[in-house]
Amino acid sequence: MASRAGPRASGTDGSDFQHRERVASHYQMSVALKSEIRKLNIVHLLIWVLMAAQVIVSQLSLVSHKVVATPYQWEYPYLLSIVPTVFSFLALPRNNISYLVISMISAGLFCVAPLIYGGMEMFPVAQQLYRHGKAYRFIFGFSAVSVMYLVIIISVQVHAWQIYYSKKLLDQWFTTTQDKKKK
């Protein structure tokens, strides 16, 4: 085989590439979707670590409550959102359909549900902040409700994309499985 800069293989003009095997499109799609899900899982882990750090620092009183606010009630169940990410990481290497389904269902239960509850729980505080300009909880000098709404917005997007890509990946795996059963 010739290098790019070296001489061409004898007996060919370079136009005989049509007969070569290619990777099937559903395998290419599977690899692309797995990559996206891994990226989203890493972003979720980062959000989870920051949330866990806030809860731990507040519960252990490592710093003043004026620096890091006490957690809202929705933050505790959101800490369980690590479960779908673990199942997702376990599902990807061996195309484990059941782990991916568990990941998708638990993402709705442990990720999206606490975020919806958190948006409702913090709404009166956000109203007070934006109507009267008064904030009583702070995270490093910023209004805690503003910071947590930012976290909610980012987290909802991350989890929505995780579920969407997981569903697409599941469809790819089912298509591959059905094709094998037909043969």
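These notes cover the structure that comes with them. Since we're looking at a predicted model, the values are computed, not measured.

The next point concerns the overall build of the chain. The number of helices and strands found in the chain is five helices and two strands. Along its sequence from the N terminus, the chain presents helices and strands in the succession α-α-α-α-β-β-α. In the chain, the proportion of contacts linking residues at least 24 apart, taken out of those at least 6 apart, comes to 75%. Here the chain displays about 12,000 Å² of accessible surface, and carbon together with sulfur accounts for 65% of that area.

Turning to the nonpolar core, a few remarks are in order. By size, the foremost hydrophobic cluster in this structure holds 27 residues, and its most contacted members are Tyr 72, Trp 74, Met 122, Met 148 and Leu 169. Those elements that place two or more of their residues in this core are α1 (25-59), α4 (97-132) and α5 (144-182). Of the residues forming this core, the biggest block, nine residues, is contributed by α5. Discounting chain neighbours no more than four positions away, the residues touching Met 122 are Tyr 72, Trp 74, Val 145, Met 148, Tyr 149 and Ile 152.

Right, let's get into the layout of surface pockets. Approximately 400 Å³ is the volume found for the largest pocket. Around the largest pocket, the lining is made up of 14 residues, and of these Leu 50, Met 51, Gln 54, Val 147 and Val 151 lie nearest the centre. Elements with a minimum of two residues in the lining of the largest pocket: α1 and α5. With six residues, α1 is the single largest residue contributor to the lining of the largest pocket. Taken together, the residues that form the lining of the largest pocket break down as 13 nonpolar, one polar and no charged.

Quick notes on the rules
Each chain carries its own residue numbering, running from 1 in the direction its sequence is written. Only residues with pLDDT of at least 70 are given local features in this predicted model, and only at 80 or more are side-chain atom pairs given and counted; all residues enter the totals for whole chains, interfaces and linings. Here the side-chain values reflect all heavy atoms present in the structure, with hydrogen atoms and water set aside. Strands are runs of DSSP state E lasting at least 2 residues, helices are runs of H or I lasting at least 4, and numbering of each runs from the N terminus. The contact criterion used is simple: two residues touch if any of their non-hydrogen atoms lie within 4.5 Å. Surface accessibility follows the Shrake-Rupley procedure with a 1.4 Å probe radius. Residue values consider only the protein chains on display as shielding. By convention a nonpolar core is built from buried Ala, Val, Leu, Ile, Met, Phe, Trp, Tyr and Cys residues, the set being connected through side-chain atoms within 4.5 Å. Accessibility here uses a 1.4 Å probe with only protein chains present; expressed as a share of the type maximum, an area under 20% marks a residue as buried, one over 50% as exposed, and anything in between as partly exposed. A 1.4 Å probe that fits but cannot get out identifies a cavity on a 1 Å grid over protein atoms alone, an open set with protein on both sides within 12 Å along at least five of seven lines counts as a pocket, and a residue lines either if it has an atom within 4 Å of a point. Grid points are joined across faces, edges and corners, and a volume is the space filled by probe spheres set on the points. Polar here means any residue other than Ala, Val, Leu, Ile, Met, Phe, Trp, Tyr, Cys and Pro, which are nonpolar, and Asp, Glu, Lys and Arg, which are charged; Gly is therefore polar.

The quantities given are spatial measurements derived from coordinates; they are silent on function.
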